[in-house]
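One-letter residues, chain by chain:
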Amino acid sequence: MSFTHWVHRLKGSALPAYQLIPELIAEDLQQGRLAPRERLPPLRDLAGVLQLNYTTVVRGFAAARERGLIASRPGLGSYVRGSFIGLPLRAGTGAEMTMNLPPEIEDHPAMQALQERAAALVTATPLHDLMRYQDFGGTARDRELGAQWLAPMVPDATAERVLVAPGIHSVLLALVSLLVKPGQSLCVEAMVYPGLKAIAAQLNIQLHPLAMDANGLLPDEFEAACKSTHVAALYLCPNLHNPTTATLPIARRERLADIALRYSIPIIEDDAYGMLPAAAPPALADYAPGLTYYVSGMSKWLGAGVRTAYVLSPSATATQRLAGALRATTVMASPFIAAIVSGWLEQGLGADVLAAVRSECAWRSTLIRERLGPLGVRTHPHGFHAWLPLPVPEDGRALAHDLAVDLQALGVAAVAGSAFSTDRQPPEGLRLCLGGGLTRDDCGRALQAVAEAVNASTA
């Protein structure tokens, strides 16, 4: 293949050449100009063609290797690695390979309606109104619409107890810093959202892992912790658990709430995925309303870039305390984004998009079960991620980690169980995501790549 078409792109880009080279390789892979395992020219020859310094090309290829786009072997030089599923690596980063992103329904009428409403709102609103500091926690209108949005999950949600925040992660940071004092621990599931692990590490907070089974957290583990250690709060993800996809049964919710009430332990209910099922069990906030902080957001059904989340506190006093912690850590949610999201909810457009995303998730979940069912995959009928258990290798290999690295290089969003583990005993398994920019055709190829990789590694 000739690389002369890179010359124009390199000259016209504001990015340094070594940063653009991996993007050019990725584009050529997606568009078929480069084929899997195709040999790449010697770096000195390529530097001459591109009119670049040799060191610059070396740095560019090193960055491409880090992203899994190419590989190098003695005697073979550099070559295109594996096959490419088709998921674009956007904004110069491979972050999408490790994040759990909802399906993108770009051509759906509901998305067109969102775009038209956002454009109309921005056009009709004086720009400076969206660029000033505003009352923390959102305007009265934002909070009222947030309470209405949460009402199907928590019927007694009121605007006085709702705060608008820039994403669920920011709420978790504020809650952990507010609730967990020195010498106390935060009870969490044995497998937990990696962002919470990062928050705990940053704040030097001790996590107390609680054992799980196929249905989620075991209440007896929580009660034992309450009896034996200084528990500050319980954090859990009760619906479409990340990564295991488990949904906590009603009986366990009742038992956990009862334990929390008897020991006066606050609950952080991270319901990031709770909007996806057409029906879900009652929230823990229903069983322990005076102790539960219920958190929901837009990232797992609308898009991660919509940094809007709602947190329902157990009381007006708790809302004020949390507002102070959120103000200290995030200042405020973006008035620009909050106004757009409120406009969508006010027009009922959020419900339209959610229905469309549910439908797409149902299709993808069915495909996962069809393709990976024989391997023991776990998924939810309205979920877009899956948990794939793996056998424990007899030779001590980190099988899940190795498979995740290889699959990410192919464009498959796979993450090893160790990323979620809090008890230093990670199960061998992969969380697979069929969201983001994957088309339906891409989903089929991604699952085929997973099946082939697992079968080859366990043969």
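Residues numbered from 1 in each chain as written. Predicted model: local features only at pLDDT ≥ 70, side-chain atom pairs only at ≥ 80, totals over all residues. Heavy atoms only, no water.

### Comments concerning the overall build of the protein chain
Definition in use: Only DSSP runs of H or I reaching four residues or more are called helices, and only runs of E reaching two or more are called strands; each is numbered from the N terminus. Radius of gyration: C-alpha atoms only; globule rule: 2.2 Å multiplied by the number of residues to the exponent 0.38. Buried, partly exposed and exposed residues are distinguished by accessible area as a fraction of the type maximum, computed with a 1.4 Å probe on protein chains only: under 20%, between the cut-offs, and over 50%, respectively. Contacts are assigned to residue pairs that have any heavy atoms within 4.5 Å of one another. Accessible areas in this description were obtained via Shrake-Rupley with a 1.4 Å probe; residue shielding takes into account the shown protein chains only. Think of it this way: Lys and Arg go in the positive column, Asp and Glu in the negative one, and His and the chain ends go nowhere. Charged side chains are reduced to one point each, which is NZ for Lys, CZ for Arg, CG for Asp and CD for Glu.
Counting secondary structure elements, the protein chain contains 16 helices and 15 strands. The C-alpha radius of gyration of the protein chain comes to 24 Å, within 12% of the 23 Å expected for a compact globule of 459 residues. Principal-axis analysis of the C-alpha atoms places the extent of the protein chain at approximately 70 × 65 × 40 Å. For the protein chain, the residues scored as buried account for 53% of the 459 residues in total. A sequence separation of at least 24 residues applies to 72% of the contacts in the protein chain between residues at least 6 apart. Roughly 19800 Å² of accessible area belongs to the protein chain as shown, and the carbon and sulfur atoms make up 53% of that amount. The averaged location of the 41 negative side-chain charges in the protein chain is 5 Å from the averaged location of its 38 positive side-chain charges.

### A short note on the pairing of strand β14 (residues 413-416)
On a regular strand, each side chain points to the face opposite its neighbour's, so the side chains alternate between the two faces of the sheet. Under the convention used in this document: Here the rule is simple: two strands pair whenever DSSP picks up at least two bridges between them.
Side chains A413 and V415 of β14 all project onto a buried face; the interleaved residues A414 and A416 project onto the opposite face, where all are buried too. Across four bridges, β14 lies against strand β15 (residues 429-433) in antiparallel orientation. Along β15, the bridge assignment pairs A414 with L432.

### Some points on the sheet that holds β14
For clarity, the threshold we go by: Angles here are taken between N-to-C directions and fall from 0 to 180 degrees, while the axes themselves are lines fitted to C-alpha atoms, restricted in helices to the stretch in contact.
The strand order across the open sheet formed by four strands is β12-β13-β15-β14, and the pairing between neighbours is antiparallel. Here the strands that pair on one side only, and so sit at the sheet edges, are β12 (378-379) and β14. Helix α15 (residues 399-409) rests against β14 and β15 of the sheet, and its axis sits at about 160° to β14.

### Describing the sheet that holds strand β4 (residues 185-189)
Read across the sheet, seven strands follow the order β3-β11-β10-β9-β8-β4-β5 without closing on themselves; strand pairing throughout is mixed. In this open sheet, the two edge strands, each paired with only one partner strand, are β3 (162-165) and β5 (206-210). The sheet shows a mean angle of 20° between the axes of neighbouring strands, taken without regard to direction. Looking at chain direction, β4 and β5 are connected through five bridges and run parallel. For S185, the partnering residue across the bridge sits in β5 and is Q206. Against the sheet, helix α6 (residues 140-150) touches β3, β10 (292-297) and β11 (309-312), its axis set at about 105° to β3.

### Points about the packing of aromatic side chains
Rule in force here: Any two of the Phe, Tyr and Trp rings considered here, Trp counted by its six-membered ring, make a pair once their centres fall within 6.5 Å; the pair's planes then place it as stacked at under 30 degrees, edge-to-face at over 60, or tilted in between. Only lysine NZ and arginine CZ atoms are considered, and such an atom sits over a ring when it is within 6 Å of the ring centre and within 35 degrees of the ring normal.
Here the structure, examined in full by the defined rule, presents three aromatic pairs. Ring geometry for F3 versus W6: centroids 4.9 Å apart, planes at 85°, classification edge-to-face. Side by side, F3 and W6 carry an identical accessibility label, which is buried. Ring geometry for Y273 against F384: centres 6.1 Å apart, planes inclined by 45°, an arrangement best described as tilted. A residue pair is termed long-range when its members are at least 10 positions apart, and Y273 in the loop between β9 (267-270) and α11 (284-287) and F384 in the loop between β12 and β13 (385-389) qualify at 111 residues. Judged on exposure class, the residue Y273 and its partner F384 are both buried. Geometry around Y54 places R44 over its ring, the cationic atom sitting 3.9 Å from the centre.

### A short note on the confidence of the model for the protein chain
This is how it is decided: Looking at any residue, its pLDDT shows the predictor's confidence there, from 0 to 100.
The pLDDT averaged across the protein chain works out to 90; a share of 94% of its residues lies at or above 70. Ignoring residues within four places in sequence, the model shows residues 86-93, a span with pLDDT below 50, making 20 contacts including any to other chains.

### Quick word on unusual backbone geometry
For the peptide bond that leads from N242 to P243, omega is 20°, which places it in the cis range. Along the polypeptide, P243 turns up in the loop between β8 (231-236) and α10 (250-263). Phi angles above zero are rare outside glycine, and S264 is one such case at about 55°. Examined against the element boundaries, S264 turns out to sit in the loop between α10 and β9. In this model, R424 sits at a positive phi of 65°, which is unusual for a non-glycine residue.

### A look at the side chain of D28
To keep things clear, this is the line we draw: The term polar contact refers here to a pair of N or O atoms within 3.5 Å; inside protein, the definition further demands a hydrogen-donor-capable atom paired with an acceptor-capable atom, and it admits residues adjacent in sequence only when both atoms are side-chain atoms.
Mapped onto the elements, D28 comes out in helix α2 (residues 17-30). Under the relative-accessibility criterion, D28 is labelled buried at 1%. Reaching out from D28, the side chain makes a polar contact with the side chain of R33 at a distance of 2.7 Å.

### Section: the nonpolar core
Definition in use: Definition of nonpolar core: a set of buried residues of the types Ala, Val, Leu, Ile, Met, Phe, Trp, Tyr and Cys, connected through side-chain atoms within 4.5 Å.
Residues L186, M298, W301, Y310 and L322 are the most contacted members of the largest nonpolar core, which totals 78 residues. Tallying contributions element by element places helix α7 (residues 168-179) first for this core, with eight residues. Apart from the residues lying within four places of it in its own chain, the contact partners of M298 are W149, G303, V306, T308, Y310, V341 and L345. A404, L407, A446 and A453 belong to the second largest nonpolar core, which has 28 residues in total.

### Details of the environment of Y294
On the secondary structure map, Y294 appears in strand β10. With relative accessibility at 0%, the residue Y294 sits in the buried group. For the pair Y294 and L46, spaced 248 residues apart in the sequence, the C-alpha separation amounts to 56 Å. Not counting residues up to four positions away in its chain, the partners in contact with Y294 are L150, M153, V154, E269, D271, A283, A285, Y310, V311 and L312. Polar side-chain contacts of Y294 include one of 2.5 Å to the side chain of D271.

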